[in-house]
Each structure stands twice: as C-alpha cells, then as structure tokens.
Amino acid sequence: MGKVLVLMVATLLPTMSVGTPLSCQRGTTVVQDGIHDYGPLLDKAPIIRVLLTNDAREVHLAINGSYQITGSLTNIIDQGQDLQKSVISVTNNGINIGTKHYDNSELRITSLRDGEIELNNIRYRGEIRILQQFNNKFLVINEIDLESFVAGVLGSEMIPSWNEDALRAQAVTARTYALYKKKARRDEVYHLDTLELAYRGIAGETARLNKIVQETKGVVMVYNWNIFPAYFHSTCGGHTEDAGHVFEKDSIPPLSGVACNYCNNSKYSRWSTNISKSDIEKRLREANIYVSNINTVKTINPGTGKHGAKVEIISAGGSKEMNANDFRLLVGPNYLLSTAFTSKNNGKSIAFSGKGWGHGVGLCQYGAQAMAEKGFKWLDILEYYYPKIELVRVY
Ligand SMILES: [Zn+2]
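To keep things clear, this report deals only with the structure shown in the data block. (Residues numbered from 1 in each chain as written. Predicted model: local features only at pLDDT ≥ 70, side-chain atom pairs only at ≥ 80, totals over all residues. Heavy atoms only, no water.)

Within the first shell, the zinc ion binds the protein through Cys-236 (SG), Cys-260 (SG), Cys-263 (SG) and Cys-364 (SG), at distances of 2.3 to 2.4 Å. One way to put it: the 4 donor atoms around the zinc ion meet at angles of 104 to 117°, and that makes the site tetrahedral. Of note, the donors binding the zinc ion are all from one chain and are spaced C-x23-C-x2-C-x100-C. Placement of the pair is Cys-260 in the loop between helix 5 (243-247) and strand 16 (271-276) and Cys-364 in strand 22 (residues 363-364), with a sequence separation of 104 residues. Relative accessible area serves as the criterion here: at 1%, Cys-260 is assigned to the buried category. (Donors = N, O, S within 2.8 Å, 3.2 Å for Na, K, Ca; no water. Tetrahedral: all angles 85-135°; square planar, octahedral: opposite > 155°, others 65-115°. Helix = DSSP H or I, 4+ residues; strand = E, 2+ residues; numbered from the N terminus. Buried < 20%, exposed > 50% of the residue type's maximum accessible area, 1.4 Å probe, protein only.)

Here 7 bridges tie strand 3 (residues 47-56) to strand 12 (residues 138-145), and the two strands are oriented antiparallel to one another. From the neighbouring strand, Val-50 faces strand 12, where its bridge partner is Asn-142. In this structure, strand 3 lies alongside strand 13 (residues 192-193), joined through 2 bridges in parallel fashion. Each residue of the ladder has a partner; that of Val-50, found in strand 13, is Leu-192. (Pairing = 2+ DSSP bridges.)

Further remarks concern the sheet that holds strand 16. Spatially, 3 strands are ordered 16-21-20 in an open sheet, and the strand pairing comes out antiparallel. Sheet topology places strand 16 and strand 20 (341-345) at the edges, where each strand pairs with a single neighbour. Strand-to-strand twist of the sheet, defined as the mean angle between neighbouring strand axes without regard to direction, takes the value 20°. In this structure, strand 16 lies alongside strand 21 (residues 349-354), joined through 6 bridges in antiparallel fashion. Paired with Ser-272 across the bridge in strand 21 is Ser-353. Most of the contacts of helix 6 (residues 277-285) go to strand 16, to which it runs at about 75°, and overall it touches strand 16, strand 20 and strand 21. (Axes fitted to C-alpha atoms, helices over the stretch in contact; angles between N-to-C directions. Contact = heavy atoms within 4.5 Å.)

Unoccupied space between atoms shows up once a probe the size of one water molecule is rolled over them. Of the pockets and cavities examined, the largest pocket occupies roughly 1400 Å³. Together, 42 residues line the largest pocket, and Tyr-177, Leu-195, Glu-196, Leu-197 and His-359 are the ones closest to its centre. Among the elements of the structure, helix 2 (146-157), helix 3 (164-184), strand 15 (232-233), helix 5 and helix 7 (324-331) are those that each provide at least two residues to the lining of the largest pocket. For the lining of the largest pocket, the class distribution of residues is 21 nonpolar, 12 polar and 9 charged. If you add up the space inside the second largest pocket, you get close to 160 Å³. For the lining of the second largest pocket, the secondary structure elements donating two or more residues are helix 2 and helix 4 (207-215). Grouping the amino acids of the lining of the second largest pocket by side-chain chemistry returns 3 nonpolar, 3 polar and 5 charged. (1 Å grid on protein atoms, 1.4 Å probe; cavity = no way out; pocket = protein on both sides within 12 Å on 5 of 7 lines; lining within 4 Å. Points joined across faces, edges and corners; volume = space filled by probe spheres on them. Nonpolar A, V, L, I, M, F, W, Y, C, P; charged D, E, K, R; others polar.)

What follows concerns the side chain of Ser-266. Within the fold, Ser-266 resides in the loop between helix 5 and strand 16. Accessibility expressed as a relative area gives 5% for Ser-266, which makes it buried. A distance of 3.0 Å separates a polar atom in the side chain of Ser-266 from the backbone nitrogen of Tyr-268. Those residues in contact with Ser-266 that sit more than four places away from it in its chain are Thr-235 and Tyr-366. (Polar contact = N/O pair within 3.5 Å; in protein donor to acceptor, adjacent residues only side chain to side chain.)

In the structure shown here, the tally under the stated rule is 13 aromatic pairs. Note on Tyr-124 and Tyr-199: the rings are 5.8 Å apart at their centroids and 55° apart in plane angle, and the pair reads as tilted. Linking Tyr-124 in strand 10 (residues 122-124) with Tyr-199 in the loop between strand 13 and helix 4, this pair joins segments that are 75 residues apart in sequence. With respect to burial, Tyr-124 and Tyr-199 carry one shared label: buried. (Phe/Tyr/Trp six-rings, centres within 6.5 Å; stacked < 30°, edge-to-face > 60°.)

Right, dumping it as structure tokens:
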C-alpha cells in the first residue's frame, strides 16, 4: 500500500515531490462507489492559472465591492471600493487602470467579495493578473481554485439542462484535464487557456451545476496512477479517435478510441458546409502558411473514427501537408467542425461534408448524454470512453 501511494503522489499530484512524507499519514485504501479514497492527498482544491487573453491591448475591468491590488510581490499597492468600468492598458513604464498608472510590469487584482471581478462583461471568481508583454501588449490570467473552475467549465461546455450523470462525467473530465495541465505546465505563467476548453467564469454556473460539481469534488481519473490529459469533444460521429493519431503524441489505452453508437442524434453527427477559398487562405496566412488558388483539400491517413491525421492542400503553388487538427483550428473550429470530412472543389469555395464536432479524442459529450439518458451512471460513462482508468479522490 505504501509503495503504491508514494508512486501515486510522485506521478499524480502537481506540486508535491517524491520525498513528501505522506504515506505514513494515510489510512488504508477505501474503494467507495468505484472511487479510490485514500483520504485527502491535497489539503484543498489547487489553484489553476487560466489564460483569458493573450496579446491584449485593452480590456475593461469593473469591481463590485472592496478590492486590493498587489504587484509581483505581495505588498498592497492600492485598494479601494467599487471600481467603475475602467480600461486596462500598458505603456512602456507600467500598467494603467482607468486614469491610474502603476509603475509595475505585473498587477494582481483581488476582489474581497469573491466573484465580483468583471472583465469584458464576464464575472470571474478568484484573482485577475495582468502581465506586461512586449509592444504594449499584456496577458490576462484568472487564478482560480479548481472546483470553481470546473463549475465554470461545466456550464460552458455542456448544455446545463442535460442529464446529471452526463454532467458529472464532464465535471470529472474537466477536473482531470485541468489538473494534468497544472502538472505539465507547473513552471509556466499559465496552465491552460480558454482555446482548450470553454470557460465563461460565473456566467457558466447555476445552482444545479454547482451541486453536481460538489458531488464529484476532488475526483479525477488516473491511468497507471498517472493523471493524463482527459480530452473531450462535442460529437465523435461513430468512433472516438486515438490521441496519438490526432495530436502526434504517444497514446495510452484511455485515449486510444472506442466505438460510439450513442451520438447519432447529435445535430453535429453529419454536416456539410461551404467555406470560401479566400477565407481558408486568409486564415492560413495569419499563421504564416501561404497557399493561393486552392484546388483540393483532402485528409490523409484517417483513423478508426475517420478523422484525418493530416490534410493535403493542393493549390496553384503545389502541395502542402499539415496536421489535420491544426488545419481545423486555423480555419475555425466552428466552421470546419471536424477533420472527418471529404471535400470537393466548388469554384470559389470548398464544399466539406463530414461527421462529428471536435477533435474526436476522449469523452464524446453527446454520446455521454445519450448514455446517461439510457440509465448509465457517470462512472460507467467515464469507464466507457476512457478504458482502463481508475477514479481517485485527491482532496
Ligand atoms: Zn460519439
């Protein structure tokens, strides 16, 4: 037992070292309702650093109630009550909030009433950090406890009225993904960004969703006692995809893909769309990929779920290959819904027909909802989409 626990502490938790003497303080393993419970391995929900805006030149901030501002050190450099909507900007010498100038390259804004910091009309719990970049741009980061973050993600990622077991499965999935990213990027300025998953602060929360998050509090998935990136997506279209195939990284059994007969009723199960060639060319150009007069876009090496590993773009200038998921994200994930597509040249546009929405790896959200409606519980859903996982309560 002690050996297993030390191994787990070393691989699972983001901040503790191998030498952290936890094993002697813990009781025996209890497996309760399918969840390994060793007693709390973390004292409380860890803090996650979420990138809200990159390369910002201007954001709007408002605070309801009393607040304080610190710099890179913890000493308070300003405090006040009720900040009306103010523009944050950066000049070479520091950060401006409204008419006030702070001679700092970093500011940390803390509301003394949690959840009352409003940034570009979205309210956030936790703290807001402003970090100066080059050329008068700045980063905005939300530092928030993991449980509040999961609540915000849940209401943004799933339809709030969905079945409770689908929502519980999504809560565990989002928590696992975020905790993995915290470990993987522990020395970085931020752990994850809102391009990776939908997060709209308190706007995503409801009393029902907060209760569902609370019911799974501290529960994450592990494989071989390692936390892993528990990817998820809207609709797989019939079979989830191997993570190695999509992201060109080593895969593990929980991310290797399963048949999914549950998402047939998703409106994204089958789709077709026309995207103008000039739009595709413009979006690729923004990423310094230059093609003109596109003739053909085709997927190469489709996986079990038919998502292409790469795309080949044939244009007047020749042929270019790139990672298919990167192509989808550049064109726009809300335009080109998945990489499980065929296409044909339609003159000024390319006509795409495909299935599913998202990269296709991990939990299929529409599939999870259909499973829950059929009576499967959230543990069953997770074990279905992520084979060979175990569930562990870490706090
Ligand atoms: Zn599916």
